[in-house]
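Inside the fold
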Amino acid sequence: MLSVMDRGKEVFMNTYAQFPIVLEKGDGVYVYDQEGNKYLDFVAGIAVNGLGYNHAGLQKALKDQVDKLTHCSNLYWNEPAVEAAELLVKLSGLDKIFFCNSGAEAVEGAMKLARKYAGKYLGPDKVEIIAMNNSFHGRTYGAVTATGQLKYQKGLSPLLPGIKHCEYNDIESLQEAMNDKTCAVLIEPIQGEGGIRPAEKDYLQEVSKLCKKNNVLLMLDEVQCGVGRTGYMFAYQRYGIEPDIVALAKGLGGGVPIGAIMASKKVAEGFSPGDHASTYGGNALVCAGAKVVLEVVGQETLLEQVRKKGTYLKAQLTNLQEKFNDIIEVRGHGLMLGMEMNKPVKEIILGCMAKGLLLVGSGEKIIRFVPPLIVEEKEIDFMVTILEEVMSEIG
Ligand code: PMP
């Protein structure tokens, strides 16, 4: 009898370099493999499972919704979707929502909305989108074109026309790239796959001003940093800016596949019926889940806890930095932190896995820390103890 891993290798396309464990169930901030080994999970489905595993409210909402109605298409209304959208509006200060199924789709939808809006209201030549070097926006053609890392684009040309890149955290570079044809700027408040690199506050505020001044839409990709991850419901709230369009996914469903575009009322008018659609997008099942996530994560007490625990985690990692010369920098906000090393981190990640701790890299030399938002200090301590042990052993 072949193992699940070997069977997977037979039938899956060769896209993932998977770790050699088969996960079976989760509970709180822990997951268990098929052999019954327990892992403290600081990956959380790559910043997805904010409420951890087996969250009572989320599980119940999903189970109840399965019994009622999972999917009915957007030909008809469903109440969980309306409720989830109402919550997003209330929490974001934006006015209109479109639901899709993933982060890449949210970015695609955001770029389409920007061009539609610009075409309708700003003039036919306003078609260009400026994205950032080192960014990541997803794997579909538009999103991968916007992604500012060549390794994701190799062998895929021709890419989507009308997207160009400039330096992140460099206002002059954006000024140079902007011209009469620019319709939108696409930016992650914290670059996630690009190594957990936060935008500086002044910079993002300058970007916002520059966009307003030039009638350019500010489009944020909060797929990874949104929905409580930074200790603010949306990362832009930490920066005190008002974007025109925001892409969400990951944490929004707490594990069920949902993405969203949020936009101001004015910008949302770029879309008319028939302009954009998704068969599954915002179906009753995933929205029943998103609704619980938004209710729980949207509470100020929870967000405050995320900020507090994030500060605590950052302090523990900074302590490690004093002990290990290999650590170059600890950075990030809330529970979206990265630790840059002067060497590849794969061996450390594998060593931690062998000791019951799941971590993921972000680039070759950066370890990323994106635990469930419900993680507690004692679990942070446990994580740091294992990490330190492994780093000492590897040397
Ligand atoms: N944008 C950002 C900022 C992301 O981090 C990701 C996923 N890592 C995506 C878009 C793409 O999301 P998905 O994998 O759900 O398509």
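All of the points below concern the structure found in this document. The shown structure was predicted, so the numbers you read here are calculated from the model rather than taken from an experiment. (Residues numbered from 1 in each chain as written. Predicted model: local features only at pLDDT ≥ 70, side-chain atom pairs only at ≥ 80, totals over all residues. Heavy atoms only, no water.)

**So, the pairing of strand β2 (residues 30-33)**
Of the two faces of β2, the one carrying Tyr30 and Tyr32 and the one carrying Val31 and Asp33 are both buried. Relative to β2, strand β1 (residues 23-27) is paired through four bridges, and the arrangement is antiparallel. The partner of Gly26 across the bridge, within β2, is Val31. Linking β1 back to β2 in an antiparallel pair, the connection comprises two residues, with Gly28 at a positive phi of about 60°. When β2 meets strand β3 (residues 38-41), the two strands line up antiparallel, connected through three bridges. The residue of β3 that forms the bridge with Tyr30 is Leu40. In this antiparallel pair of consecutive strands, β2 and β3, the connection spans four residues, and Gly36 shows a positive phi of 90°. (Buried < 20%, exposed > 50% of the residue type's maximum accessible area, 1.4 Å probe, protein only. Helix = DSSP H or I, 4+ residues; strand = E, 2+ residues; numbered from the N terminus. Pairing = 2+ DSSP bridges.)

**Quick notes on the pattern of salt bridges**
A complete count under the given rule lists 16 salt bridges for this structure. Among the ionic pairs, Asp64 bridges to Lys60, the shortest N-O distance being 2.6 Å. Of the two residues, Asp64 and Lys60 both sit in helix α3 (residues 56-68), four residues apart, roughly one turn of that helix. Given a relative accessible area of 51%, Lys60 falls into the exposed group. Where Lys164 meets Glu128, a salt bridge forms, and the shortest distance between an N and an O atom there is 3.3 Å. Of the two residues, Lys164 sits in strand β6 (residues 163-166) while Glu128 sits in strand β5 (residues 128-132), which places them 36 residues apart along the sequence. (Salt bridge = Lys/Arg side-chain N within 4 Å of Asp/Glu carboxyl O.)

**Here we look at unusual backbone geometry**
A cis amide bond links Ser157 to the next residue, Pro158, at an omega of 5°. Within the secondary structure, Pro158 sits in the loop between α6 (141-146) and β6. For Ile46, which is not a glycine, the phi torsion comes out positive at approximately 60°. The residue Ile46 is located in helix α2 (residues 44-47) in this model.

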